[in-house]
Amino acid sequence: MFRTCAFCNAPFDGDGGPSGLGVGRRLAFDEWRGRLWVVCSKCSRWNLTPLDDRLERIEVVARAARDAGRVVAATEQVALIRWERYDFVRVGKPLRVELATWRYGERLRTRQRERMKVVVPLTVVAVGLGIAANVAAGGGLGVFVWNLHRLVDQAYIGIVGNRKVVLAEPPICAHCGSLMQLRARHVQHARVVPDSHAEVAVVLSCPKCRREGAHLTGSDAVQVLRQGLTYLNVTRSGRRKAEDAARVVDQVGGPDRLLHDVARRELTLRSLRPERRLALEMAVDERAEVEELERQWREAEEIAEIADGTLSTSEQLEEEMRRLKRKIGDQPSG
Ligand SMILES: [Zn+2]
Ligand SMILES: [Zn+2]
């Protein structure tokens, strides 16, 4: 079995878990077509495993996924399943998709780590500056320390809010005609709206004229939502516990229903209740991840079709050659 990625040469992480491959932490499988891939953790490309004993391995992985895995998110074709420390990506139409517990806690911890990366250095700088200023002014240190937390907090929120929203093509405002240069904080005035042609659609307010000036769908809408919600959810009022958000999703009946529900009400992101906002952010995140997986799968399946197809053809050819040789050998010489 290969140990490194065929696309980027990076060594695979993980030990393959139940697959017995000995490598891989994220494995993708298709029971119907008989495909098994190791997904590279570095470049995310899908490495098709050797054909030999693939079907057995798929069987074992599929069973682990079915019996003990949690479906984290799913599209029509792709489901992301967590099992112990492995990720299984099941492709092809599953028998039944169950949306189980979400990884809320995990998401929030990641965010907390990201926050600390900014907050700690900021605090160090602020403490230095503050002590110098306080000493110069002859003020007490207590008041300063009390304010420090708030100060750094605001600085962090400012940084997140100021992040550019990166879109392939920046939208142009339908009212004032200006190119919308969006920052994350501008998105708080956006609204999720129903759209008969798209899963996710967003109406944006123009940062210049402040009127609703653009309508985004698909991956652009998702990108805008993710950044806007991240900003809103780091603000003081936005900080809510993961469990509250989980309950919200359960109550409406899953992340897709939540998205539809929010779209139906057409409220601005800012006016959503904090736990709902957090739930929406997570729903959008999971969606984006599983959509990306679906894209990767389509690409990997194209390669697999060629690789496996060629293999079976050449095997057939060899078999045919052997048969012909035997035939020739059987013929009496002379
Ligand atoms: Zn790779
Ligand atoms: Zn405008």
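Only a predicted model underlies this, so the values are computations on that prediction, with no experimental measurement involved.

### Some remarks on the sheet that holds strand β1 (residues 26-30)
Across a sheet, strands are paired by hydrogen bonds formed along the backbone, either parallel or antiparallel in direction.
Here comes step 1: Taken together, the six strands give an open sheet; going across it, the order is β3-β2-β1-β6-β5-β4, and neighbouring strands pair in mixed fashion. Bordering the open sheet on either side are β3 (46-48) and β4 (70-74), each of which pairs with just one other strand. Strand-to-strand, the axes of this sheet are offset by a mean angle of 30°, without reference to chain direction.
Here comes step 2: Its contacts with the sheet put helix α1 (residues 54-68) on β1, β2 (35-39), β3, β4, β5 (78-83) and β6 (86-91), and the angle it makes with β1 is roughly 105°.

### Some words on the sheet that holds strand β8 (residues 201-205)
Here comes step 1: As summarised here, the arrangement of the three strands in space is β7-β8-β9, forming an open sheet in which the pairing is antiparallel. Looking at strand neighbours, the two that pair on one side only are β7 (191-192) and β9 (212-217), the edges of this open sheet.
Here comes step 2: Strand direction decides the pairing type here: β8 and β9, joined by five bridges, are antiparallel. Considered in β9, the bridge of Ala 201 is made with Thr 217.

### A word on the coordination of the zinc ion (ligand 2)
Here comes step 1: Within the protein, the zinc ion (ligand 2) binds to Cys 173 (SG), Cys 176 (SG), Cys 206 (SG) and Cys 209 (SG); these donor distances fall in the range 2.3 Å.
Here comes step 2: One can describe the site at the zinc ion (ligand 2) as tetrahedral: its four donor atoms subtend angles covering 106 to 115° at the metal.
Here comes step 3: Between the donor residues of the zinc ion (ligand 2), the gaps in sequence give the motif C-x2-C-x29-C-x2-C. With Cys 176 in the loop between α3 (141-161) and β7 and Cys 206 in the loop between β8 and β9, this residue pair connects regions lying 30 residues apart in the sequence.
Here comes step 4: Residue classification places Cys 176 among the partly exposed residues on the basis of a relative accessible area of 38%.

### Points about the coordination of the zinc ion (ligand 1)
Here comes step 1: Distances from the zinc ion (ligand 1) to its protein donors, Cys 5 (SG), Cys 8 (SG), Cys 40 (SG) and Cys 43 (SG), fall within 2.2 to 2.3 Å.
Here comes step 2: Its four donor atoms give the zinc ion (ligand 1) angles of 106 to 111° at the centre, a pattern that matches the tetrahedral case.
Here comes step 3: Each donor residue of the zinc ion (ligand 1) belongs to the same chain, with the gaps between them written as C-x2-C-x31-C-x2-C. Here Cys 8, found in the segment before β1, pairs with Cys 40, found in the loop between β2 and β3; they are 32 residues apart in sequence, far enough to count as distant.

### Some words on α1
Here comes step 1: Given a rise of 1.5 Å per residue, 15 residues ought to cover 21 Å, and the 21 Å separating the end C-alpha atoms of α1 matches this to within 8%.
Here comes step 2: Arg 54, Arg 57, Ile 58, Val 61, Ala 62, Ala 64 and Ala 65 are the residues of α1 that are buried. The arc that holds the buried residues of α1, viewed along the axis, is 160°, so those residues lie on one side. Along α1, exposed side chains directed more than 90 degrees from the buried face belong to Leu 55, Glu 56 and Asp 67.

### Some details on the packing of aromatic side chains
Here comes step 1: Applying the stated criterion across every chain yields a total of three aromatic pairs.
Here comes step 2: Ring plane angle 65° and centroid distance 5.1 Å describe the contact between Trp 37 and Trp 46, whose orientation is recorded as edge-to-face.
Here comes step 3: Look at Trp 37 and you get buried, because its relative accessible area is 1%.
Here comes step 4: Centre to centre, the rings of Trp 83 and Tyr 86 are 5.8 Å apart; their planes meet at 20°, and the pair counts as stacked.
Here comes step 5: Directly above the aromatic system of Phe 7 lies the positively charged group of Arg 45, at a separation of 4.0 Å from the ring centroid.

How each quantity is defined
Residues numbered from 1 in each chain as written. Chains lettered and ligands numbered in written order. Predicted model: local features only at pLDDT ≥ 70, side-chain atom pairs only at ≥ 80, totals over all residues. Heavy atoms only, no water. Pairing = 2+ DSSP bridges. Helix = DSSP H or I, 4+ residues; strand = E, 2+ residues; numbered from the N terminus. Axes fitted to C-alpha atoms, helices over the stretch in contact; angles between N-to-C directions. Contact = heavy atoms within 4.5 Å. Donors = N, O, S within 2.8 Å, 3.2 Å for Na, K, Ca; no water. Tetrahedral: all angles 85-135°; square planar, octahedral: opposite > 155°, others 65-115°. Buried < 20%, exposed > 50% of the residue type's maximum accessible area, 1.4 Å probe, protein only. Expected span 1.5 Å × (residues − 1). Arc of directions from axis to C-beta. Phe/Tyr/Trp six-rings, centres within 6.5 Å; stacked < 30°, edge-to-face > 60°. Lys NZ or Arg CZ within 6 Å of the ring centre and 35° of its normal.

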